[in-house]
Amino acid sequence: MRARGLADARDERLILLAIGLLGAAWGLAVAAGGVTSLYLCASLIACGCILVDFRIGVVLLILLMPMSGSSTLFPHEMFGVVGLNPLNLLLAGTLISCMLHALADHSLPQLLPRPLLWLYIAPILIAGAIGTRHIHEIAPTLVVTYQALDFPDAASYLRDMVLKPMLMVVFALVVGAAVAKSARPERFLLPTLVSICAIAALVPVYVAHSGIALTALARDDEREFLSTLGLHANDLGRLYAVAYALALFTWSDAASRRLRLALLIALALTAVALILTFSRGAFVALAVVNGLYVLWRFNAKTLLVAASAVVAALLFAPQAIFERLASGQGAGLDAVSAGRVNGLWLPLLPEVLHHPVLGNGIGSILWSDAMRSGAGHMVLVVTHPHNAYLQAALDMGITGLVLLCAYFAHVWKGLRTLAKDPGVAPALRGFHLGAAAGLAGILVANFTDSSLTPRPEQAFLWLAIGMMYGYQARRAAATPVAHPALDGAHA
């Protein structure tokens with residue numbers, strides 16, 4: 001007993017010594033490298049905890065992923081190494097830990113669902129491979145305007161245009177694995193709610209601190225005002241539209257009073273933040289979400305509340321909102337679309353016919369004939385066609401467009417099925433139904449912007465997709481496997 005006590009005391013001293021050395025090393029690192037070293041040390045410590053239980057990393061990712069696009073909150077690189085940042089370190093550590101756990105319990109083959117692989121990932125990878133042949137054909141005007149487009153080699157192109165967006169899919173996969181291995185998956189609603197409130201508070205706080213007037217914020221020449229936060233106003237609007245949908249439908253089905261109150265706060269924050277983006281696409285997505293809520297929750301009370309909300313909006317909404325909605329009206333469709341029709345869509349449509357089956361590679365607008373020969377006078381000098389479906393047709397051909405649309409149809413069906421599953425907790429049923437409504441709103445808004453491939457503003461959507469796959473894995477594990485030979489023997 002005495003020997004064991006001495007050993008325990010020695011172990012305690014070693015642990016204290018290790019903690020002291022770690023603290024000293026951290027202090028020296030911060031003194032030498034500043035805040036960057038602080039981020040690095042914090043990320044490495046988090047990865048150490050994650051190796052014990054990867055679900056710790058998933059919770060941290062849920063909190064941080066929606067804010068990953070913010071240039072004011074997170075460094076995009078550390079020590080001059082592109083891609084070395086706290087979020088990527090956290091995601092890599094979580095993925096490694098998740099795969100180790102999956103190897104231990106033989107669930108690794110279930111980690112990547114087949115529809116995701118063949119309908120979504122495969123077309124993007126093929127288009128990325130096609131694009132590597134054209135990186136030296138990017139329109140010179142774009143290279144001068146956007147220095148980051150001067151890819152020195154195929155590896156840098158694949159890193160920025162394919163691998164980086166795919167990290168959002170990896171995020172969904174580790175979320176799905178965590179949900180599949182959790183006794184109470186509804187607990188993941190708490191970090192989701194915290195994340196929604198945190199990201200929704202950014203825009204109101206920033207606008208209030210800047211002192212800009214709403215009439216000025218709504219003008220066409222102020223669309224880049226919020227870009228300091230890391231995302232364009234239109235991207236922020238779509239991010240908030242999905243967050244609003246998740247909060248709204250979860251609130252509708254939640255039983256806990258505390259949770260409902262917290263969700264009401266999240267609803268108010270996301271609604272205010274979305275309005276302050278003055279994104280017309282986000283307004284459309286918001287209208288789709290609210291319309292689906294009235295349709296799917298149709299009763300006298302819902303109809304009365306919806307009618308009251310519409311009347312209140314018409315009476316008390318700032319005049320700047322109506323001016324933004326009326327932008328371009330009376331001047332033709334091109335003016336309403338902010339120059340998209342004549343400046344992008346019509347000049348780029350013939351490009352689809354040049355490569356109709358597989359497209360011309362990810363980011364093909366960069367080396368399109370229209371951009372190379374007419375940038376600045378025949379076509380707008382931009383890096384995106386501002387239509388997700390046109391972009392998919394240009395980059396992946398009609399084949400890729402059909403596959404990606406089929407994938408989101410698969411997601412819609414899966415979310416709607418879980419929303420009706422009595423085996424799912426009520427709050428999570430509302431969460432999945434809200435994700436379906438948010439997906440519908442985003443798909444409508446995508447006619448004027450965004451992408452069908454992963455983007456930062458899709459963080460909450462991919463979170464919901466990951467939770468959907470997690471529940472599907474739980475249901476598959478709970479379903480007994482039939483053995484025809486044994487059944488016949490018993491008969």
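Just above, that's the structure.
Keep in mind it's a predicted model, so treat the numbers as computed, not measured.

## Some words on the packing of helix H8 (residues 189–210) against helix H10 (residues 233–253)
Then step 1. For the pair H8 and H10, the least separation of the axes is 11 Å and the interaxial angle reads 140°. It follows from the interaxial angle that H8 and H10 lie oblique. Here H8 and H10 pass one another in a crossing that is left-handed. Along the contact surface, H8 presents Leu189, Ile196, Ile199, Ala200, Leu202 and Val203, while H10 presents Leu236, Leu239, Tyr240, Ala243 and Thr250.
Then step 2. Residue composition of the contact of H8 with H10, grouped by class: ten nonpolar, one polar and no charged.

## Side note on the packing of aromatic side chains
One pair of aromatic rings is described through two measures. These are the centre distance and the angle between the planes.
Then step 1. Overall, the coordinates contain twelve aromatic pairs when judged by the stated rule.
Then step 2. Through a chain of ring-to-ring contacts, three or more aromatic side chains come together here, namely Tyr120, Tyr407, Phe408 and Trp462.
Then step 3. The ring centre of Trp296 lies 4.3 Å from the NZ or CZ of Arg416, which sits over that ring.
Then step 4. Against the face of Tyr471 rests Arg474, its NZ or CZ located 5.5 Å from the ring centre.

## Brief notes about the pattern of salt bridges
Then step 1. The tally for this structure, following the rule as stated, stands at twelve salt bridges.
Then step 2. We note a salt bridge from Arg55 to Asp53, for which the minimum N-O separation is 3.0 Å.
Then step 3. Between Arg324 and Asp220 there is a salt bridge, with the nearest N and O atoms lying 2.5 Å from each other. Residue Arg324 is located in helix H14 (residues 319–325), and its partner Asp220 is located in the loop between helix H9 (214–217) and H10; the two are separated by 104 residues in the primary sequence.

## A short note on unusual backbone geometry
Then step 1. Its identity is not glycine, yet Ala338 carries a phi of approximately 60°, on the positive side.
Then step 2. Tracing the sequence through the fold places Ala338 in the loop between helix H15 (333–336) and helix H16 (340–354).

## Observations concerning the packing of helix H3 (residues 54–64) against helix H4 (residues 86–104)
Then step 1. Between H3 and H4, whose axes approach to 9 Å, the crossing angle comes to 145°. In this structure, the crossing between H3 and H4 has a hand that is left-handed. Taken together, the residues of H4 that come into contact with H3 (itself represented by Phe54, Gly57, Val58, Leu60, Leu61 and Leu64) are Leu87, Leu90, Leu91, Thr94, Ser97, Cys98 and His101.

What counts as what
- Residues numbered from 1 in each chain as written.
- Predicted model: local features only at pLDDT ≥ 70, side-chain atom pairs only at ≥ 80, totals over all residues.
- Heavy atoms only, no water.
- Axes fitted to C-alpha atoms, helices over the stretch in contact; angles between N-to-C directions.
- Helix = DSSP H or I, 4+ residues; strand = E, 2+ residues; numbered from the N terminus.
- Parallel < 35°, antiparallel > 145°, perpendicular 65-115°, else oblique.
- Left-handed = near helix turned anticlockwise from the far one by under 90°.
- Contact = heavy atoms within 4.5 Å.
- Nonpolar A, V, L, I, M, F, W, Y, C, P; charged D, E, K, R; others polar.
- Phe/Tyr/Trp six-rings, centres within 6.5 Å; stacked < 30°, edge-to-face > 60°.
- Lys NZ or Arg CZ within 6 Å of the ring centre and 35° of its normal.
- Salt bridge = Lys/Arg side-chain N within 4 Å of Asp/Glu carboxyl O.

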